[in-house]
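Here are the chains, one letter per residue:
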Amino acid sequence: MTVNQFTARRLVLACEIAEVPHGLRLLCPDGRSFLLRGIPREALVRGALPEQVLQVMSQLGVLRPVRTASVVVVGAGPLAADVSQAIRAGPGALVVELGDGPGRSRPGGHWSLLAESGSRLRPDLVVVCPRDPLGLREPVHLCQDRAIPVILAWAGPCGAWLGPVSLAGRPGCQDCLDIAMARRDPLWPHTAVALTGSAPGWAPRRWLAESLRRLVDQGAGCQGWQSPSWGSWTVREAGFTQLDAEPGCRRCRDRRDRAA
């Protein structure tokens, strides 16, 4: 059978796959793991499994229904293209590509479409891919004002930053990270300017694209959305760190005041 059975049944693997000496180990996010014998990795990825195996995997929670997610990617460089391609390859993802400035149009138009009154464009997530570390804050703030989940992704020649997801009603946002970076490093604005225009490397682009694909696939209920954290990638290490809400963040303060 050439048709992917998972796709045909609107199912997706809810685990990671690790090859071990005796077969394939299915690693679930909740810490459980299952050993699958006698099935090649390629067959598992395609969903070419016996009916009984599919039923057991569904009962164990290894398979879950596909979530339909609409994602807007703002940007015009190679990172934005990689992110769009990675998210689009995931199950149930609808991607709209919007440009980030004059002469940098994308198939869907310009990011200002998000600001038009009466716009029906209200995605589940907006991914903003600036060309410099402090760029494209306008669409980020627009999404924050409209209560649209938004995340910023930036890649340089040998490094990358991702997050946090800015959510309405939850402290800890992109402005908090900007304030924290400037507070910890007084020369941070000068460093950011020095990085402006740097071509993003392939490895950091790949890390960002895969991280965002997983974030979209996991859905808004996962920890990556609900916990304010940001990730960084270097040639030596990659990981995510908890982001504390900054007392001086005006946008978080305004959201708290509106909720009070």
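Our subject is the structure listed above.
Predicted model only: the values in this text are computed from it and were never measured.

Rules used in this analysis
Within any chain, residue numbers begin from 1 and follow the written order of that chain's sequence. With the structure being a predicted model, the display of local features is reserved for residues of pLDDT at least 70 and the display and counting of side-chain atom pairs for 80 or more, all residues being used for whole-chain, interface and lining totals. For the side-chain quantities, the full set of heavy atoms in the structure was used; hydrogens and water were omitted. Exposure classes here rest on a 1.4 Å probe applied to the protein chains alone. A residue is buried below 20% of its type maximum, exposed above 50%, and partly exposed in between. Where helices and strands are cited, they refer to DSSP runs of H or I of at least four residues and of E of at least two residues respectively, numbered from the N terminus. Paired strands, in this sense, are two strands between which DSSP finds at least two bridges. The definition of a right-handed crossover adopted here requires that, viewed with the strands pointing away, the path from the first strand over the helix to the second runs clockwise. Two kinds of site are reported from a 1 Å grid over the protein atoms alone, namely cavities, where a 1.4 Å probe fits but cannot get out, and pockets, open sets with protein on both sides within 12 Å along at least five of seven lines, and residues are called lining when an atom falls within 4 Å of a point. Grid points are joined across faces, edges and corners, and a volume is the space filled by probe spheres set on the points. Residues were grouped as follows: Ala, Val, Leu, Ile, Met, Phe, Trp, Tyr, Cys and Pro as nonpolar; Asp, Glu, Lys and Arg as charged; and all remaining residues, including Gly, as polar.

### Notes on the pairing of strand S9 (residues 150-155)
When you tally the buried positions in S9, you get six out of six residues, the bulk of the element. Of the two faces of S9, the one holding Val 150, Leu 152 and Trp 154 and the one holding Ile 151, Ala 153 and Ala 155 are both buried throughout. Across three bridges, strand S8 (residues 125-128) lies against S9 in parallel orientation. Looking at the pairing, Val 127 lines up with Ile 151 of S9. For the segment spanning S8, helix H5 (residues 137-145) and S9, crossover handedness is right-handed. Taken together, the three bridges between S9 and strand S10 (residues 159-162) define a ladder with antiparallel strand orientation. Considered in S10, the bridge of Ala 153 is made with Leu 162.

### What to know about empty space enclosed by the protein
Tallying each qualifying case throughout the model produces three cavities of 30 Å³ or more. If you add up the space inside the largest cavity, you get close to 110 Å³. Pro 133, Trp 161, Gln 174, Leu 177 and Asp 178 are the residues nearest the centre of the largest cavity, which is lined by 13 residues in total. Those elements that provide at least two residues to the lining of the largest cavity are S10 and helix H6 (174-184). Looking at the lining of the largest cavity, the element that brings in the most residues is H6, giving four residues. Class assignment for the residues of the lining of the largest cavity results in nine nonpolar, two polar and two charged.

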